[in-house]
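Inside the fold
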Amino acid sequence: MAAVHYELIRQCPHTGARAGILHTPHGQVETPVYMPVGTQAVVKAMTSREMAEIGAQIVLANTYHLHLRPGEDLIEKAGGLHGFMAWDKPILTDSGGFQVFSLARLRKMTEEGVRFRNHLDGSELFIGPEEAMAIQQKLGADIIMAFDVCSPWPCEEKDAKRDMERTHRWAARCKKAHSRPDQALFGIVQGGFSKELRIESARTLRDMDFSGYGIGGLSVGEPKDIMYEMLDALMPEMPADKPRYLMGVGTPDCLLEGVARGVDMFDCVLATRIARNGTVLTGEGRLVVRNATYREDFRPLEEGCDCETCQHYTRAYIRHLLKAGEITGARLCSIHNLRYLARLMAGAREAILNDRFPAYLNDFYSRFDMRGAFNRSEETA
RNA sequence: GUGGGUGUAGUUCAGUGGUUAGAGCGCCAGAUUGUGGCUCUGGAAGUCGUGGGUUCAACUCCCAUCACCCACC
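Every value quoted in this text rests on a predicted model; they were computed, and no experiment measured them.

Some thoughts on the overall build of chain A
Scanning chain A from N- to C-terminus turns up 16 helices and 16 strands. Taken over C-alpha atoms, the radius of gyration comes to 20 Å for chain A, in line with the 21 Å a tight globule of 381 residues would show. Expressed as lengths along the three principal axes of its C-alpha atoms, the size of chain A is roughly 60 × 50 × 40 Å. Within chain A, the proportion of its 381 residues that are buried is 57%. Total accessible area on chain A stands at roughly 16000 Å², and carbon and sulfur atoms take up 48% of it.

Quick look at the structure:
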């Protein structure tokens, strides 16, 4: 049996939403799931014990960043990422493909791979599909990602096609270089913002038979409507017996819209990033606890939340910590946001299992104030 | 008491005759979607201690005065 396999438990009769279990060498993951991002082998400001308490089932780490520092050889000596991080639940490593995209000014890309001038000391390094696989196999995550080419928004169709085709060739090279049987390799769908390309990419990768499929190149600046259109087009082409992972999403509404279209896994830095800058997520919308209006607000961040932060601390106190630049302010907000997303996804799963996912989605929108928050579609519309 | 110094945004300071007096920090707000982010962007905020005077023109020069600081009696 493969290192990772997906077990479909229940399909929503009205939407594409599905509840399942991802079986991995380090235990099960109940899907749909939000995966906190721990780029540098840590979810910023959090310990692995706290992550477990928050209810995180699986965390991410990043190939590019860990290759630079401290290096995969050291992590391998430490017993792989699980030993190094003291986290015995599942881990997924991103391949570094996105860093090629986000650090584009520093790159030189050829068919072989990508030459970077790294951001730490400026020295040159090269990562191609084989290097990305070799690094990830030493890091030892349960799930590793193919090295892909992420097209930007906006993007000419011919450029998106070129990136997609290279992604497919690189996916084949990744598959060939992948040798550890206890790690699952996921391919990544690209295709820019063309439905035809997205469908072609999904079919091509499906035929290559990966253990799961990432959907890359979305949430890179495009309006939400366009992201949803792409998902609507490509999701029917995704194999039902494999997990589907929408990379880099996101906001609470995008997560649920993704679930509704059959996505099983998500990751996003948003929750922890905005937490460090004083914004938290609640069922009623965003709350910028850093703002002066909460100076004397002695309520918890969110009434009824079961997170450690909301159990013990007030908005006024957290605001004070944030304003004073105290690290604990960022920690308390991160704990809350991670717990919020864990609850959101657990609630979605529960709703799917009970055949009431559409009502769950409606209830979310009726409570969550979308005004001015994460509303990217308004900018371009 | 004598001599000297300093008074400019909430704060620390820049600005020595010429557009609408600036900066850092603070304050207020916005941004943040496979993390180069305790980051980035924007905004509000000053009767230039006070009162006179010189000058076409004064934060800037002169006089007085008040406050604070230093030194010496």
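Quick word on the packing of aromatic side chains
Under the definition given, this model contains seven aromatic pairs. Taken together, a centroid distance of 4.8 Å and an interplanar angle of 85 degrees make the contact between Trp-153 and Phe-193 edge-to-face. Here Trp-153 is found in the loop between strand 10 (143-145) and helix 7 (157-177), whereas its partner Phe-193 is found in the loop between strand 11 (184-189) and helix 8 (195-208), with 40 residues between them in sequence. Residues Tyr-313 and Tyr-317 carry aromatic rings whose centres are separated by 5.7 Å and whose planes lie at 20 degrees to one another, so their mutual orientation is stacked. For Tyr-313, a relative accessible area of 29% gives the class partly exposed. Overall, Tyr-317 belongs to the partly exposed group, its relative accessible area being 37%. Geometry around Phe-210 places Lys-175 over its ring, the cationic atom sitting 5.9 Å from the centre.

Looking at unusual backbone geometry
Cis geometry is found at the peptide bond from Arg-69 to Pro-70, where omega equals 10 degrees. The amide bond that connects Trp-153 to the next residue, Pro-154, takes the cis arrangement and shows omega of -10 degrees. By the element assignment, Pro-154 lies in the loop between strand 10 and helix 7. One non-glycine residue, Ser-219, lies in the positive phi region at around 50 degrees. Positionally, Ser-219 belongs in the loop between strand 12 (212-215) and helix 9 (224-234). In this model, Asp-355 sits at a positive phi of 60 degrees, which is unusual for a non-glycine residue. Classification of Asp-355 by relative accessible area gives partly exposed; the value is 33%.

Notes on the protein's contact with RNA strand B
In the neighbourhood of RNA strand B, 43 residues make up the surrounding shell, with Gly-248, Val-269, Thr-272, Arg-319 and Lys-323 lying closest. Close to the protein, within 4 Å, the atoms of RNA strand B are drawn from sugar and phosphate at a rate of 50%. One of the side-chain N or O atoms of Asn-62 is found 3.5 Å from a phosphate oxygen in RNA strand B. A distance of 2.3 Å separates a phosphate oxygen of RNA strand B from a polar side-chain atom of Lys-323. When residues of the surface near RNA strand B are assigned to their parent elements, the largest contribution, five residues, is made by helix 11 (residues 270-276).

Examining the side chain of Ser-201
Structurally, Ser-201 can be placed in helix 8. A relative accessible area of 0% means that Ser-201 is categorised as buried. Residues contacting Ser-201, with those up to four places away along its chain left out, are Met-164, His-168, Ile-188, Val-189 and Gln-190.

Here's the deal with helix 10 (residues 252-260)
In terms of burial, helix 10 is a largely internal element, nine of the nine residues being buried. Among all positions in helix 10, only Pro-252, Asp-253, Cys-254, Leu-255, Leu-256, Glu-257, Gly-258, Val-259 and Ala-260 are buried. Where helix 10 is buried, its residues meet strand 2 (18-24), helix 9, strand 14 (265-268), strand 15 (279-282), helix 14 (327-353) and helix 15 (357-367). Of the residues flanking the end of helix 10, it is Gly-262, one or two places downstream, whose phi is positive at about 100 degrees.

Points about the packing of helix 8 against helix 9
Axis separation between helix 8 and helix 9 bottoms out at 9 Å; the angle between their running directions is 45 degrees. It follows that helix 8 is oblique to helix 9 by the angle criterion. Between helix 8 and helix 9 lies a crossing whose hand is right-handed. Residue-level contacts link Lys-195, Arg-198, Ile-199 and Ala-202 of helix 8 to Glu-229, Met-230, Ala-233 and Leu-234 of helix 9. Residue composition of the contact of helix 8 with helix 9, by class: five nonpolar, no polar and three charged.

Examining the confidence of the model for chain A
When the pLDDT values of chain A are averaged, the result is 94; 97% of them are 70 or greater. For the stretch residues 377-381, pLDDT sits under 50, and the model shows four contacts to residues farther than four places along the chain or on other chains. Scoring of the predicted complex yields 0.95 for pTM and 0.85 for ipTM.

Observations concerning the sheet that holds strand 2
Strand order in the open sheet formed by three strands is 1-2-3, with antiparallel pairing between adjacent strands. The open sheet is flanked by strand 1 (5-11) and strand 3 (27-31), the only strands paired with a single partner. Taking each pair of neighbouring strands and ignoring which way they run, the sheet shows an average axis angle of 20 degrees. The pairing of strand 1 with strand 2 spans six bridges and is antiparallel. Residue pairing for strand 2: Glu-7 is matched across the bridge by Ile-21. Packing of helix 14 onto the sheet brings it into contact with strand 1, strand 2 and strand 3, and relative to strand 2 it is tilted by some 115 degrees.

A closer look at the packing of helix 6 (residues 129-139) against helix 7
Running from N to C, helix 6 and helix 7 point in directions that differ by 40 degrees, and their axes come no closer than 8 Å. For the element pair helix 6 / helix 7, the angle class is oblique. Crossing hand, helix 6 versus helix 7: right-handed. Every residue of helix 7 that contacts helix 6 at Pro-129, Glu-130, Met-133 and Gln-137 is listed here: Trp-170, Arg-173, Cys-174 and Ala-177.

Cut-offs applied
Residues numbered from 1 in each chain as written. Chains lettered and ligands numbered in written order. Predicted model: local features only at pLDDT ≥ 70, side-chain atom pairs only at ≥ 80, totals over all residues. Heavy atoms only, no water. Helix = DSSP H or I, 4+ residues; strand = E, 2+ residues; numbered from the N terminus. Rg over C-alpha atoms; globule rule 2.2 N^0.38 Å. Buried < 20%, exposed > 50% of the residue type's maximum accessible area, 1.4 Å probe, protein only. Areas by Shrake-Rupley, 256 points an atom, 1.4 Å probe, with all protein chains shown as cover. Phe/Tyr/Trp six-rings, centres within 6.5 Å; stacked < 30°, edge-to-face > 60°. Lys NZ or Arg CZ within 6 Å of the ring centre and 35° of its normal. Near = heavy atom within 4 Å. Polar contact = N/O pair within 3.5 Å; in protein donor to acceptor, adjacent residues only side chain to side chain. Contact = heavy atoms within 4.5 Å. Axes fitted to C-alpha atoms, helices over the stretch in contact; angles between N-to-C directions. Parallel < 35°, antiparallel > 145°, perpendicular 65-115°, else oblique. Left-handed = near helix turned anticlockwise from the far one by under 90°. Nonpolar A, V, L, I, M, F, W, Y, C, P; charged D, E, K, R; others polar. pLDDT = per-residue confidence, 0-100. Pairing = 2+ DSSP bridges.

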